Each structure stands twice: as structure tokens, then as C-alpha cells.
Amino acid sequence: GKVYKMKVNFFMIILLTLTLPNIANSAVFGASVNYWTNLSNNTSITTADFNNDNNIDMAVINFDSNMINVFLGTGTGSFGAAVSYSTLGTSSISISSGDYNGDSIVDLAIANTSTNDVSILLGFGDGTFGTATKFGTLSSPTFIMSADFNNDNVLDLAVLSSGSGSVSLLLGVGDGTFPPAINSLAGALSTSLAAADLNGDGNIDLVGTNSTNDISVLLGNGNGTFLAAVNYAVGTLPSSVIIKDFNTDGNLDIAVANKNSDNISILMGVGGGNFATSVNYSTVAPSQIIKGGVGYGGRPTSIVSADFNRDGYSDIAVSNYGTSFGSWDVALLKGIGDGTFSTAESYNNIGMAPQFIDTADFNGDGYMDLVTANRRSSNVSVFLNQSAPSNPSTPPVQTPVTESPSSVAPAASTTGGAGGCLLSLNGYSSGFLLWIGIFISAMLVVRRKSDS
């Protein structure tokens, strides 16, 4: 009898050791809730408080209709019906938000690919916006972001133009208008930008993705100009880039989503605006391979970061556009805290072909949720964070991340069911393994008693 008892205890200890830490640190998103935009081909999304009620709202760009759909948040994680505004441009593809006229009200900026311009819609503070005003850029603008590039405490715009592989800088005046663009930074820039002070000199720097399978780091001079680009190799067809300190060493790092190599590249900052050689992590979850075989899912083209599982470390979420019908998903890679990441987990209860992903706290619980703009379905998908904190006594702290996702991403099936899943251990949920252990232990106890 004693031999059986020792085996039972040893078996249970092993199972608990494997499962309980993972359950505690699991980043669980509930099944997504979709909100209708009336048309497909939704390409970009921005989140902010548009009506000053302390609840996060969202604005979605539709490429085909050239309309902005504004959803006002209720503070509970749900949203009202969309209200639409015209960009007055053509092929509107990317959106950013910020206070461009200094009235402490959030405004909108949109890049219009076919008309080679940006549209500015000034907010009224009640969640509504004025008529668009347009400002010219280089040819085929495909991405837009906001930052103060010349240190005058006024937001500027950086617009990536895929037609010329260059960036147009529109330096804000402070009244919501912009003088003619400063067109510079020629190269092979293609889909995405991110901005932050990479070398600690107080000036905003730029990172851009290139069609040549690398990224460009451009250190700012503080007057709206930049030093010559330094390039770093990443995966194939980089489509989205963000900047954050993933190993908490005080140096900002870079994460890139690579569409055609189904992975992300992590470049650790080493100080002075310099970066180490990239390390890659697959965005295809094991459950996706089990579901559809090798080559199923993937194609990440948008990336964000936050501490989704509340363990104090920055995680990464990407929207995977997918390789075939139904293979799209959101992939979650948990940060270990040293700049490395866990195997991807899949959340595939989502709209069709998510093109862009953003993160914000939609229900006011202090934890970061997700939203995707879906290109092949007429909706956006909202995932509320339902994870249990690994240290409940520690209050949540979320630091803003300079993010600039832009594009298309694939799908992966989630362990534990579509939508919210338990984390996986070799394709099986840890909860499932724990119940198996309890059952086997009970059977061994019964057998021990019958033998005695």
C-alpha cells in the first residue's frame, strides 16, 4: 500500500508543478464580441477617449468606403453602434489619433493612398468630429502616426509612402493645420513606423519596416530631421513594428511582425540607439499545426505589446491574417522578462482576416484588452482580458507602448476552445492534464484499498 501512495504523491507533484504555474500566469481572453462596420476591408483602428467620459472608444478605417466608423465605449467593454464620417480621400488605409489643435480633445488623422494626402478631423469633445481637412504627402501613403518630432510640444505626423519608400513629416502648427510636408528619409520603407527616444537624448527617433527584409533605425535631431538610417535584418516581409523595453534593462527594444516568414523578430537594445541581432519566434501556435498541418495559419502583419497575463512582464499579441479560410487568429506570446518569449497561443474566435490589432483597457478593470480590424468581414473583434493575476496583491501597472501595427494577419486555433483558452502544454490544456492526474490518483487509491 505504501508503494502506491508514494507513486500517487509523486505523480500529483509532477502534474501540479507543470500546471499550476501556467494556470496562474495564463493570459486568458474571453470569446471575442464583434461590432459591425457595415463594410468589409477594415484596415486600421485607433483607440482613445473621444468624448471625455473616461471610457475608451475606437475609430476604424474602411478602405473601400473611405469612411471612419466611430464606436463609443460604455466602460463595460461594450460599444454603441458605429457613427460614420467621410475622410474626403480615396483608399483610406491608416488612422492615428491625438490632440492636433491643443484643445485637450482627441482628433483623428487618416492616410489616403490614392489621393496622396492625409485627412484631419478635429474632435468636438462629445465623440463627434468635424469635416475632414486634407494635407498633401508623397505618393501612396500607407501608414500614419503621431509624435512630437521637433520638440515644440505640438503633435506632428509621420506618413510612410510606399510609392517612394520614404517618409513625409508634417510638422504641426498647433491649430490642427500642417504646412507642406518635409519629404525625406528615402529608402525602401514599406508598411509601418514606430517612434520613441531610442538613445536617451530627448529627441524622438523613428523605426520603419522595409521591403528588403530589414528595418531602418533613424535617430532624430530634435528639429524634424534625422540621421542616416542604420538597417537591421529581420524576417521576411516585415509588416509591423513596435518599440518597448522587453527585458526591463532601461534600453528600448524593437519587435517586428514578419508576414511571409510567420514569425516576429525581437531586437534587444544595447544602448545609444543600437540593437543586437534579431531573434525570431513563430506566431503559429502548435494547435494551429494540429488543426491544419504545417503551413496553416500565420501571416502576421500587426503587433502590439502589454502585460496581458499580469505577471509584470511585457507580452506580445499579433493578428494573423491566415493562409486559408478559417486559419486567421490572434497569437499571444508571453514575455519571460528577459527579452525572450513563450510558444505562441492561439485565439481564433475572431472575424475574418484580421488586418490590424490594438490594445486598450475597454472595461476599466486595469487590464489590457484587444481589438482587431477585420479585412474580410464587416466588423471588428473585441477580446476582453479575463486572466487571473499571478500576484493578486500587486496592482496592475500598464505603461504605454509606441506601437504602429499596420496590415494583415493570420489565424491559429486556441487550446481550450475558440475564443478564450487555457494555456497549452504540448497541445493540451493544463486544466485537462490536472483532471487526468486527479482521476489516475483516485484509481490508484481505490486499487490500493482493494489490494489491502
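Residues numbered from 1 in each chain as written. Predicted model: local features only at pLDDT ≥ 70, side-chain atom pairs only at ≥ 80, totals over all residues. Heavy atoms only, no water.

1. Side note on the overall build of the protein
Turning to step 1, where the next piece is worked out: Scanning the protein for helices and strands turns up 3 helices and 33 strands.
Turning to step 2, where the next piece is worked out: The long-range share in the protein, meaning contacts at least 24 apart out of those at least 6 apart in sequence, stands at 53%.
Turning to step 3, where the next piece is worked out: Accessible surface computed for the protein: about 17,000 Å², of which carbon and sulfur atoms make up 57%. (Helix = DSSP H or I, 4+ residues; strand = E, 2+ residues; numbered from the N terminus. Contact = heavy atoms within 4.5 Å. Areas by Shrake-Rupley, 256 points an atom, 1.4 Å probe, with all protein chains shown as cover.)

2. Focus on the sheet that holds strand 5 (residues 83-86)
Turning to step 1, where the next piece is worked out: An order of 2-3-4-5 is seen for the 4 strands of this open sheet, with the pairing classed as antiparallel. Edge positions in the sheet fall to strand 2 (42-48) and strand 5, since each has one partner strand and no second. Each adjacent strand pair in this sheet contributes to an overall mean axis angle of 25°, direction not counted.
Turning to step 2, where the next piece is worked out: Summarising the sheet, strand 3 (residues 57-62) and strand 4 (residues 67-71) pair through 5 bridges and their orientation is antiparallel. Across the sheet, the residue bridging to Met58 is Phe71, located in strand 4. (Pairing = 2+ DSSP bridges. Axes fitted to C-alpha atoms, helices over the stretch in contact; angles between N-to-C directions.)

3. A few points about the sheet that holds strand 14 (residues 189-196)
Turning to step 1, where the next piece is worked out: With respect to topology, 4 strands assemble into an open sheet ordered 14-15-16-17, the strand pairing being antiparallel. Bordering the open sheet on either side are strand 14 and strand 17 (230-233), each of which pairs with just one other strand. Averaged over neighbouring strand pairs, the angle between their axes works out to 25° when direction is ignored.
Turning to step 2, where the next piece is worked out: Bridge count between strand 16 (residues 214-218) and strand 17: 4 bridges; the pairing is antiparallel. Bridging from a neighbouring strand, Val217 pairs with Val230 of strand 17.

4. Some points on the confidence of the model for the protein
Low pLDDT means the predicted coordinates in that region are not meant to be read closely.
Turning to step 1, where the next piece is worked out: Looking at the protein as a whole, its pLDDT mean stands at 84, while 79% of the residues score no less than 70.
Turning to step 2, where the next piece is worked out: Low confidence marks residues 1-8, where pLDDT is under 50. Its contacts with residues over four positions away, or in another chain, come to 8 contacts.
Turning to step 3, where the next piece is worked out: Counting interchain partners and residues more than four positions distant, the pLDDT-below-50 stretch residues 392-435 has 169 contacts. (pLDDT = per-residue confidence, 0-100.)

5. Regarding the pattern of salt bridges
Turning to step 1, where the next piece is worked out: For the coordinates displayed, the defined rule picks out 2 salt bridges.
Turning to step 2, where the next piece is worked out: Between Lys134 and Asp117 there is a salt bridge, with the nearest N and O atoms lying 3.2 Å from each other. On the criterion of sequence distance, the pair formed by Lys134 in strand 9 (residues 133-136) and Asp117 in strand 8 (residues 117-121) is long-range, its members being 17 residues apart.
Turning to step 3, where the next piece is worked out: Taking relative accessible area as the criterion, Asp117 reaches 7% and is therefore assigned buried.
Turning to step 4, where the next piece is worked out: A salt bridge links Lys334 to Glu345; the nearest nitrogen and oxygen atoms lie 3.0 Å apart. Of this pair, Lys334 sits in the loop between strand 26 (329-333) and strand 27 (345-347) while Glu345 sits in strand 27, and the two are 11 residues apart along the sequence.
Turning to step 5, where the next piece is worked out: Classification of Lys334 by relative accessible area gives buried; the value is 8%. (Salt bridge = Lys/Arg side-chain N within 4 Å of Asp/Glu carboxyl O. Buried < 20%, exposed > 50% of the residue type's maximum accessible area, 1.4 Å probe, protein only.)

6. Some remarks on the pairing of strand 4
Turning to step 1, where the next piece is worked out: Summarising burial for strand 4: 4 of the 5 residues are buried, a large majority.
Turning to step 2, where the next piece is worked out: Connecting the antiparallel pair strand 3 and strand 4 is a turn made up of 4 residues, with Asn66 showing a positive phi of about 60°.

7. Re unusual backbone geometry
Turning to step 1, where the next piece is worked out: Its identity is not glycine, yet Ser91 carries a phi of approximately 60°, on the positive side.
Turning to step 2, where the next piece is worked out: Locating Ser91 in the fold gives a position in the loop between strand 5 and strand 6 (92-98).
Turning to step 3, where the next piece is worked out: With a phi angle near 55°, Asn151 is a residue other than glycine that sits in the positive phi range.
Turning to step 4, where the next piece is worked out: Within the secondary structure, Asn151 sits in the loop between strand 10 (141-147) and strand 11 (156-161).

8. Things to note about the side chain of Thr47
Turning to step 1, where the next piece is worked out: By the secondary structure assignment, Thr47 is in strand 2.
Turning to step 2, where the next piece is worked out: One polar contact links Thr47 to Asp358, side chain to side chain, over a distance of 3.1 Å.
Turning to step 3, where the next piece is worked out: Those residues within four positions of Thr47 in sequence are excluded, and the remaining contacts are Ile56, Asp57, Met58, Ser97, Asp358, Thr359, Ala360, Phe362 and Val371. (Polar contact = N/O pair within 3.5 Å; in protein donor to acceptor, adjacent residues only side chain to side chain.)

9. Notes on the environment of Ser94
Turning to step 1, where the next piece is worked out: Position of Ser94 relative to the elements: it lies in strand 6.
Turning to step 2, where the next piece is worked out: In sequence terms Ser94 and Ile45 are 49 residues apart; their C-alpha atoms lie 7.6 Å from each other.
Turning to step 3, where the next piece is worked out: Setting aside residues up to four positions removed in sequence, Ser94 forms contacts with Ser44, Ile61, Ala109, Ile110, Ala111, Thr142, Phe143 and Ile144.
Turning to step 4, where the next piece is worked out: At 3.2 Å, the side chain of Ser94 and the backbone nitrogen of Ile144 are in polar contact.

10. Description of the packing of aromatic side chains
Turning to step 1, where the next piece is worked out: Under the criterion given, the structure shown has 14 aromatic pairs.
Turning to step 2, where the next piece is worked out: Relative to Phe308, the ring of Phe29 has its centre 5.6 Å away and its plane inclined at 65°; by these criteria the two rings are edge-to-face. Here Phe29, found in the loop between helix 1 (2-25) and strand 1 (33-36), pairs with Phe308, found in the loop between strand 24 (300-306) and strand 25 (315-320); they are 279 residues apart in sequence, far enough to count as distant.
Turning to step 3, where the next piece is worked out: Phe308 sits in the buried class, given a relative accessible area of 0%.
Turning to step 4, where the next piece is worked out: Ring centres of Phe149 and Phe226 lie 6.0 Å apart, and the angle between their planes is 65°; on these two criteria the pair is classed as edge-to-face. Of this pair, Phe149 sits in the loop between strand 10 and strand 11 while Phe226 is found in the loop between strand 16 and strand 17, placing the two residues 77 residues apart along the sequence.
Turning to step 5, where the next piece is worked out: Through a chain of ring-to-ring contacts, three or more aromatic side chains come together here, namely Tyr35, Phe71, Phe79 and Phe362.
Turning to step 6, where the next piece is worked out: The cationic tip of Arg310 hangs over the ring face of Tyr367; the distance from NZ or CZ to the ring centre is 3.2 Å. (Phe/Tyr/Trp six-rings, centres within 6.5 Å; stacked < 30°, edge-to-face > 60°. Lys NZ or Arg CZ within 6 Å of the ring centre and 35° of its normal.)

11. Some details on the pairing of strand 19 (residues 253-258)
Turning to step 1, where the next piece is worked out: By the criterion of burial, strand 19 is predominantly enclosed, with 6 of the 6 residues buried.
Turning to step 2, where the next piece is worked out: Alternating residues of strand 19 divide into Asp253, Ala255 and Ala257 and Ile254, Val256 and Asn258, and every residue in both groups is buried.
Turning to step 3, where the next piece is worked out: Pairing geometry for strand 18 (residues 238-244) and strand 19, over 6 bridges, is antiparallel. Looking at the pairing, Ile242 lines up with Ala255 of strand 19.
Turning to step 4, where the next piece is worked out: Both strand 19 and strand 20 (residues 263-267) contribute to a ladder of 5 bridges, which runs antiparallel. In the strand pairing of strand 20, Val256 is matched with Ser265.
Turning to step 5, where the next piece is worked out: Count of turn residues in the strand 19/strand 20 antiparallel hairpin: 4 residues, of which Asp262 carries a positive phi of about 55°.

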